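Residue-level listing of the chains:
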Amino acid sequence: MILVLNSGSSSIKYRLVDPADPGAGGKGVVERIGEADGPADHTEALRAVFEDLSGGTPDGVGHRVVHGGDRFVRPTLLDDDTVAAIRDLTPLAPLHNPGAVAGIEAARATFGDVPHVAVFDTAFHSDLPPVAATYAIDREVAARHGIRRYGFHGISVEYVAGRTAALLDRPLADLNLVVLHLGNGASVTAVHGGRSVETSMGFTPLEGLVMGTRCGDLDPALPGFLERAGLSPSEVDTLLQHRSGLAGLCGDNDMRTVERRRAEGDEAATLAFDVYCHRIRRYVGAYHATLGRLDAVVFTAGIGENSSAVRTASLAGLEGWGIAVDPDRNDGRGARVISRDDARVAVCVVPTDEEHAIAEAVTGFLA
Ligand code: AMP
């Protein structure tokens, strides 16, 4: 059994994965770490996980880490040096990496004598072509601060790309895909022959698509404008990270609620839904151009897998590009092709499973 941990600053999500039996294993979440009524720290939180495993020790532990910077381009066996190097990346991912490091340290203390492997959300994008990775700003400033597009959701996108090839019964090496990971965070990636060649999240996971509470693309002059108008830098951060996206536009960040309000004729929810889907369509067109030939558009994660309305609206009007969703297939369930038989480009729904992907990476180290 592999234990997969996704540690944040105040919570640890965990899952036990049996790589040979995808249905087996338990999962859970320990929340409110460091709060008055929660576990004091990550070590105490992991003791609760340990008890939930009924005393069994995993064969290995996989840790999801959001930011691997330039250094971590593949799953990495953890030792004191690599943990220190992940901690050193904190300036690039202040919201995410400290929680991951706390979880890694607690897990190494709790499950000391099994391999611990870090799997990075940025790694799949680490060989983005320079034209896609480079921001058009002063080169020296960019070099000094490590400013480039890193891209995120890579664990999910790589897994889903592989599953899409299996679904279409074609070699991944021959496929050009646009993968839409639409969850609480949302991103889109162009995948050419199994490699990421363009992705919408950039230096941080704020850029690109409209998200639950994040703005995605903006005029880069806006933060400076808002600061001159009297907001502090941290207020601007909070606005763009937590009070924007669907939540900023209509007050709700859950797409199910947005869809229900839209069905009831609510104007703000309707505009939020439309802005969300408009942004997706723009990226599908742009990435189609990047790839030249497009074989499939793939939807995954909470919204991508479950919202037939978002899939329909995002791809509406693209028949001339060979993209046409079949309404009955769109309303179905599970991994499937939802495009019409006469459409040149396949449209697919492929459920993601980041924990399974992380467990597979750990298994690679055990072998
Ligand atoms: P994730 O981050 O992948 O767990 O995705 C979370 C998002 O999925 C939330 O915004 C939910 O609103 C959305 N979601 C889950 N189920 C549905 C559904 N049936 N219809 C629309 N959105 C959904």
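No experiment lies behind these values; they were computed from the predicted model shown.

(A) Broad picture of a nonpolar patch on the surface. Residues Leu218, Leu222 and Phe225 make up a contiguous nonpolar surface patch of about 260 Å² in total accessible area. Topologically, Phe225 is positioned in helix H7 (residues 222-228).

(B) Spatial organisation of the pairing of strand E7 (residues 176-182). Taking burial as the measure, the 7 residues of E7 include 7 buried ones, the bulk of the element. Sheet analysis places E7 next to strand E8 (residues 186-192), joined by 7 bridges and oriented antiparallel. Residue Leu180 lies in a different strand from E8, and its bridge partner there is Val188. Hairpin geometry of E7 and E8 is characterised by an intervening segment of 3 residues between the two adjacent antiparallel strands. Note that E7 and strand E10 (residues 296-300) share 5 bridges and pair parallel. Each bridged residue has a counterpart across the sheet, and for Leu180 the counterpart in E10 is Phe299.

(C) Geometry of the site of the ligand. The local shell around the ligand consists of Gly183, Asn184, Asn253, Asp254, Met255, Arg256, Glu259, Ala301, Gly302, Ile303, Asn306 and Ser307. In the environment of the ligand, an oxygen atom lies 2.9 Å from a nitrogen or oxygen atom belonging to the backbone of Asn184. Within the backbone of Ile303, one N or O atom sits 3.4 Å away from an oxygen atom of the ligand. Coverage of the ligand by the protein chains reaches 71% of its 500 Å² of free accessible surface. If you list the elements that add at least two residues to the shell around the ligand, you get helix H10 (255-263) and helix H12 (301-306). Take the shell around the ligand: its biggest share by element is 4 residues, from H12. Partitioned by chemical class, the residues of the shell around the ligand number 3 nonpolar, 6 polar and 3 charged.

Cut-offs applied
- Residues numbered from 1 in each chain as written.
- Predicted model: local features only at pLDDT ≥ 70, side-chain atom pairs only at ≥ 80, totals over all residues.
- Heavy atoms only, no water.
- Patch = residues over 30% accessible without salt bridge, like charges linked within 9 Å, V, L, I, M, F, W, Y side chains within 5 Å.
- Areas by Shrake-Rupley, 256 points an atom, 1.4 Å probe, with all protein chains shown as cover.
- Salt bridge = Lys/Arg side-chain N within 4 Å of Asp/Glu carboxyl O.
- Helix = DSSP H or I, 4+ residues; strand = E, 2+ residues; numbered from the N terminus.
- Buried < 20%, exposed > 50% of the residue type's maximum accessible area, 1.4 Å probe, protein only.
- Pairing = 2+ DSSP bridges.
- Near = heavy atom within 4 Å.
- Polar contact = N/O pair within 3.5 Å; in protein donor to acceptor, adjacent residues only side chain to side chain.
- Nonpolar A, V, L, I, M, F, W, Y, C, P; charged D, E, K, R; others polar.

Spatial relationships are all this shows, so hold off on functional conclusions.
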